[in-house]
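For reference, the chains in residue letters:
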Amino acid sequence: EQKSALAANPSAKGVEELRVAFLGRKGQVTSIMEQMRNISKDDRPEAGKIINKTRSKIESAIEELKAEAEEFLIQQKLDQAPIDISLPVQSSGAKGSLHPVTLMRRVLLKEFRKLGFTVYDGPEVDLDLYNFSSLNFKDDHPARDMQDTFFVKDFDKTVLRTHTSNIQIHALMNQQPPLRVVSPGRTYRCDSDLTHTPMFHQIECLVVDQNISMGDMKGVIDTFLKAIFGDDLETRLRPSYFPFVEPGGEVDLQCVSCRGKGCRICSQTGWLEIGGLGMIHPNVFEAVGVDSERYTGFAFGFGIDRIAMLRYGLQDLRQLFEGNQQFLGQFPIQP
Ligand code: FA5
């Protein structure tokens, strides 16, 4: 009777009460066992058999009820679950976005591919040999101080590359001219202000062949600047010094914020420097074993972050690396 009442509404507590009522110290089975003394010796074995049989029946019935009660509890929890796992997923509509530097790199690489360039990668942690000395930076020459270098502790002559120009050396050591490669990548300098970050991105371009001229270089630079800025912004080329080129120069782009009038972003000059360039120095050719009588070449390295800064009118370059999703999510896929 108690068993069927419990089966209709199983609970662990009910099962335990039932167990105590039958099998507990004062339970019915226990008290019957105690009365065995009053049974005659002859009848005792038979009675014992019956009682034991009954007890094990009751024990297994209680085990069964216990399992049923547990199952009931699980089912009850499932029925009350606040989440319907069978419902189809509802999209919030939010989509990820590309980082402005990624967008700029993609546009740049697209233009370089159109011009027949291949991408060549190189190490971010590199030996002085590639980052400086093969690029004609003499030991103790003040030109080394132009770039505030991060040195790698405990590793002699190892640096975080200060520019992507190290790839020029890797490429020229591994491939024979003619060469037409482009190398985007991270670069590092101990620098931080409105237009400088300690980690930034450059894109390096290297062309080596017979009869390569400054005119070829200008053609390539004009092509990709037009792809990003259209005819909107003015550019200017001015002479400058880098030990690995001769002659060398720098490209400035009109500051978008003030349209050349002068503001704090461009230090009141109206221009923002975006990269260096020049014709490969014969000493570099010599360091990598290329015949400088036979070949000429040009190289340039531009700041991708600076290009993004100008293209999107950013007020502070450091915003690019602060990880604010609201800021980073506002740039259109098509720049
Ligand atoms: C160089 O790094 C040369 N390797 C460029 C070069 C390549 C010259 C090939 C000749 C031939 P520079 O130190 O000026 O040059 O840096 C190039 C560009 O990187 C700068 O114009 C600027 O756009 C960007 N840049 C440099 N430092 C930082 C910085 N801390 N944060 C963001 N952009 C930077």
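Residues numbered from 1 in each chain as written. Predicted model: local features only at pLDDT ≥ 70, side-chain atom pairs only at ≥ 80, totals over all residues. Heavy atoms only, no water.

Enquirer: Teacher, can you tell me more about the overall build of the chain here?
Expert: Helices and strands together make up the secondary structure of the chain, namely eleven helices and nine strands. Expected size for 335 residues packed as a compact globule is a radius of gyration near 20 Å; at 40 Å, the chain overshoots this value by more than 25%. Overall size of the chain, expressed as C-alpha extent along the three principal axes, is 125 × 45 × 35 Å. Burial statistics for the chain: of 335 residues in total, 43% are counted as buried. In the chain, the share of contacts with a sequence separation of at least 24, taken over all contacts with a separation of at least 6, comes to 67%. (Helix = DSSP H or I, 4+ residues; strand = E, 2+ residues; numbered from the N terminus. Rg over C-alpha atoms; globule rule 2.2 N^0.38 Å. Buried < 20%, exposed > 50% of the residue type's maximum accessible area, 1.4 Å probe, protein only. Contact = heavy atoms within 4.5 Å.)

Enquirer: I would appreciate a short explanation of the site of the ligand in the present structure.
Expert: Neighbouring residues of the ligand: 27 residues in total, closest His 163, Ser 165, Arg 189, Thr 197 and Glu 273. Contact distances for the ligand include 2.9 Å between a nitrogen atom and a side-chain N or O atom of His 163. Side-chain polar atom of Asp 191 to a nitrogen atom of the ligand: 3.3 Å apart, as the coordinates give it. In the complex, the protein chains occlude 96% of the 680 Å² of accessible area that the ligand would expose alone. Among the secondary structure elements, those contributing two or more residues to the shell around the ligand are strand 5 (199-209), strand 7 (245-254), strand 8 (271-280) and strand 9 (296-303). The dominant element in the shell around the ligand, judged by the number of residues it contributes, is strand 8, at five residues. In terms of residue class, the shell around the ligand is built from nine nonpolar, twelve polar and six charged. (Near = heavy atom within 4 Å. Polar contact = N/O pair within 3.5 Å; in protein donor to acceptor, adjacent residues only side chain to side chain. Areas by Shrake-Rupley, 256 points an atom, 1.4 Å probe, with all protein chains shown as cover. Nonpolar A, V, L, I, M, F, W, Y, C, P; charged D, E, K, R; others polar.)

Enquirer: Hey, could you run me through the pairing of strand 9 in this one?
Expert: One face of the sheet, then the other: side chains in a regular strand alternate in exactly this way. For strand 9, a buried count of seven out of eight residues is recorded, marking the element as mostly surrounded by other parts of the structure. Bridging between strand 5 and strand 9 involves eight bridges; their strand directions are antiparallel. The partner of Ile 203 across the bridge, within strand 9, is Phe 302. Strand direction decides the pairing type here: strand 8 and strand 9, joined by five bridges, are antiparallel. The partner of Leu 277 across the bridge, within strand 9, is Phe 300. (Pairing = 2+ DSSP bridges.)

Enquirer: Mind showing me how you'd approach the nonpolar core here?
Expert: Side chains that are nonpolar tend, in soluble globular proteins, to be buried together. Counting 47 residues, the largest nonpolar core has Phe 112, Phe 224, Phe 298, Phe 300 and Phe 302 as the members making the most contacts within it. Mapped onto this core, the elements with two or more residues apiece are helix 5 (100-114), strand 5, helix 8 (214-229), strand 7, strand 8, strand 9, helix 10 (304-312) and helix 11 (325-328). Those residues in contact with Phe 300, other than ones at most four positions away along the chain, are Phe 112, Ile 203, Glu 204, Cys 205, Met 217, Val 220, Ile 221, Phe 224, Gly 276 and Leu 277. Within the second largest apolar cluster, 24 residues are counted, among which are Leu 172, Val 181, Phe 244 and Ile 280. (Core = buried A, V, L, I, M, F, W, Y, C linked by side-chain atoms within 4.5 Å.)

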